[in-house]
Amino acid sequence: MLRLMRESAGSWIIKILLGLIVLAFVFVGTGTYNSGRTSTIGSVNGNPITVNDYQMTYYNILENLRRQFGGQLNDEIIKMFNIQQQAIDQVIEAELMRQAAESAGIIVSNQELIESITRIPAFQEGGVFDKERYRLLLSQNRLTPESFEAMQKEAILFNKIRIIVAGSVKVSEEEARAWYEWENTAVAIAYVSFDPRTYTDIEITNEMLVSYYDAQKQNYMTEPAIKARYVKFDPLAYRDKVVVSDQEVENYYNSNPAEYKLEEMVSGRQIILKSADDEGNGPAEEKRAKALALMERAKAGDDFAELAKQFSEGPEKETGGAFGPLTRSDLLPAVAEAAFSLEIGDISDPIKTRHGWHILKIEERRPPGTKPLAEVTDLIRAKLSGRKSQNRAYDEAVSIYNISFGDDDLADNATELGLDLVETDFFTRSQGPSDLPGSSDFTNIAFSLPLLDISDVIDINGIYYLVQVIAEQPEQIPDLETVRDKVYSDVMAQQQRLTAEKAAEELLAAAGDAGSLLAATEEKGYEIQTVTIQNRNNPPPEFEQAPAVMEAAYNLSPDSPIPKNVVRGDDGKYYAVALTNRTPPIPTGFSVSRDNIIERLTRQKQNDFFQSWITRLRENSRITLSDQFQG
């Protein structure tokens, strides 16, 4: 499904859709609107889940990750979040909620819908809903009022269900106090860590490789692969085909005056004397007296620039205190108030700020205004040309989509119209097409398509695609020789882990016999570490990648200070741990944080209750999925 958010990540439409996501709790973008073709990936109690439902949800989840990770988002992160499964779960759960609402007679009235939309600031002019602005902004983002209103209505409906199901869930004072004590108890522990990577003197035999491979060969199974062909519609290729008239440039200029507004600006010079509480340069009163004396000299005719070079302690000292041109927002509030009230040539009284004492002389003032059309014509023309090229590329993609229905249609139509048809090699979910590096969007959409079906128009980073899967290759188990290096690496890692774990277990057993981890450590010659964990939510740096150590530490008590088992952290290390002290939080701390704790726990308890309700609903429903979306 074409991604609805065609403007930049900070545009108004994304802010609105983010609002919808919040309203809908965790169920986003699973539209029954804009359905397009009705290829399905499954059903919920007989109601179909369409490919478009899935694709739109997938894109919304991906957009959320992009906002969270920015430029750091890559295929590895996307794979880690298992977006496909998230999207499938969300479309299923959204359909379950629709059915539950219908069964319970829960509806969203037209009045509720109208009130929710008219309250959105993006659709208002001067604080009042503007119908023309509403339609214009939707059309600029390829949304119809009908599709947007359907999205908004569904978001309100889902929020209603959530309130009905979980709104009555509360948290008692006793629960809040118990949670406060549970979270804020401090524990001190001693520990010894065993890093498997330090055990390198391990011999790996061919028998070990064969035995491991025979037992684990399923883990070396290749991924399913597909081959696809696609037509690309790059807006840059249409730049020479669009024309932006002078009248269009002028219309845009007149319709968007805020973009070309020039704020009032001032230039001048300043002397700064840092105050005593800033730099410890002497009593504050002496600084004020010095500032007054310099002001008098400047007003009496002494050269301001020379005074600044000699006495100023500000960053502009070497240039005679020169600053500007600057707007009001560029200056500290007190300095701005003075600077914009002075006439050219005037010298201010000393002004006190957190930086010290300021004395200003204004030398130039630029009144507010608007950049002339001639100055911004090229920028506007480039912007409108980009928009037209984007629209031209999209429209051509849609026109090809509308006449292509499967089999060889895409290839035949592309050839007939002189468009480049690109055919990929076989590729997997984890390794996309070689000619489209990092194209996780393309890969995941391709894998959602049935063989020979043609995708909806796909928007990937502002370039449009039509995609068709033309061949499939099933998963298979390679022979040992093909993956020998990988098997060797896995066997070595396994033996290193076993060796480290055994060393940790031997130390822990010795500690149990001696009644002390310290005594056992001294006997075996290991280095022991100690640390105090102040509360459960703030692990010390050494345990940020080892939450299991935190959990083990809090499960220990003065009566049982040594655990029965070693702990393996997410960092891959093994830990022998012992409790040395346990300190409950001060009771008075609860009264300070009580309201905040109750609010947080109530929100969490309601969310948990709601999710349990959804889970029960799902368990009691008939849900089917096509093979490629199973498990």
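Structure shown above.
Residues numbered from 1 in each chain as written. Predicted model: local features only at pLDDT ≥ 70, side-chain atom pairs only at ≥ 80, totals over all residues. Heavy atoms only, no water.

Honestly, the environment of Gln 216 in this entry has me stumped. Any pointers?
For Gln 216, the location among the structural elements is in helix α9 (residues 206-216). Owing to a relative accessible area of 28%, Gln 216 belongs among the partly exposed residues under this scheme. With 271 residues separating them along the chain, Gln 216 and Val 487 place their C-alpha atoms 9.3 Å apart. (Helix = DSSP H or I, 4+ residues; strand = E, 2+ residues; numbered from the N terminus. Buried < 20%, exposed > 50% of the residue type's maximum accessible area, 1.4 Å probe, protein only.)

What is the right way to read α9 from this model?
Every α-helical turn comprises 3.6 residues, leaving residues that sit three or four positions apart pointing alike. By the burial criterion, the buried members of α9 are Leu 209, Tyr 212 and Tyr 213. Buried positions in α9, seen along its axis, are confined to an arc of 100° and lie on one side of it. Among the exposed residues of α9, those oriented more than 90 degrees off its buried face are Glu 207 and Ala 215. On the buried face of α9, the contacting elements are α18 (484-514). (Arc of directions from axis to C-beta. Contact = heavy atoms within 4.5 Å.)

Which parts of the structure should I look at to understand the packing of aromatic side chains?
Aromatic rings in a pair are described by how distant their centres are and how their planes are angled relative to each other. Applying the stated criterion across every chain, the model contains 21 aromatic pairs. Between Tyr 58 and Tyr 59, the ring centres sit 6.3 Å apart and the planes meet at 80°, which makes this aromatic pair edge-to-face. Like Tyr 59, Tyr 58 is buried. Grouping aromatic residues by their ring pairs yields a cluster made of Tyr 230, Phe 427, Phe 442, Phe 447 and Tyr 465. (Phe/Tyr/Trp six-rings, centres within 6.5 Å; stacked < 30°, edge-to-face > 60°.)

Is there a simple way to think about the nonpolar core in this case?
A general tendency of soluble globular proteins is for nonpolar side chains to be buried together. Counting residues in hydrophobic clusters, the biggest one holds 26 residues, and the most contacted among them are Phe 123, Phe 148, Ile 161, Phe 610 and Trp 613. Looking at this core, the elements that each hand over two or more residues are α4 (83-104), α5 (110-118), α6 (131-140), α7 (145-166) and α21 (588-619). In terms of residues, this core owes the most to one element, α7, which gives 8 residues. Setting aside chain neighbours within four positions, we find Trp 613 in contact with Ala 100, Ile 161 and Val 165. The next biggest cluster of nonpolar side chains, apart from the first, holds 20 residues, and it includes Leu 65, Ile 83, Val 91 and Leu 96. (Core = buried A, V, L, I, M, F, W, Y, C linked by side-chain atoms within 4.5 Å.)

Before we go on, may I ask you to explain the sheet that holds strand β2 (residues 47-50) in this structure?
Paired through backbone hydrogen bonds, the strands of a sheet run either parallel or antiparallel to each other. One open sheet holds the 3 strands; their spatial order is β2-β1-β19, and the pairing between them is antiparallel. The sheet is open, and its two borders are formed by β2 and β19 (623-625), each paired with just one other strand. In this sheet, adjacent strand axes meet at a mean angle of 20° when their direction is disregarded. Bridge count between strand β1 (residues 40-44) and β2: 4 bridges; the pairing is antiparallel. Across the sheet, residue Val 44 finds its bridge partner in β2, namely Asn 47. (Pairing = 2+ DSSP bridges. Axes fitted to C-alpha atoms, helices over the stretch in contact; angles between N-to-C directions.)

When you look at the sheet that holds strand β8 (residues 265-273) in this model, what are you seeing that I'm missing?
In space, the 4 strands of this open sheet follow the order β9-β8-β11-β10, with antiparallel pairing throughout. Each end of this open sheet is capped by a strand with a single partner; those strands are β9 (322-326) and β10 (351-353). On average, each strand axis in the sheet is inclined to that of its neighbour by 40°, with strand direction left out of account. With 3 bridges connecting them, β10 and strand β11 (residues 356-366) associate as antiparallel partners. When the bridges of β11 are listed, Lys 352 appears paired with Trp 357. This element, helix α13 (residues 304-311), spans β8 and β11 of the sheet and lies at about 40° to β8.

Remember that the coordinates give geometry; whether it matters functionally is a separate question.
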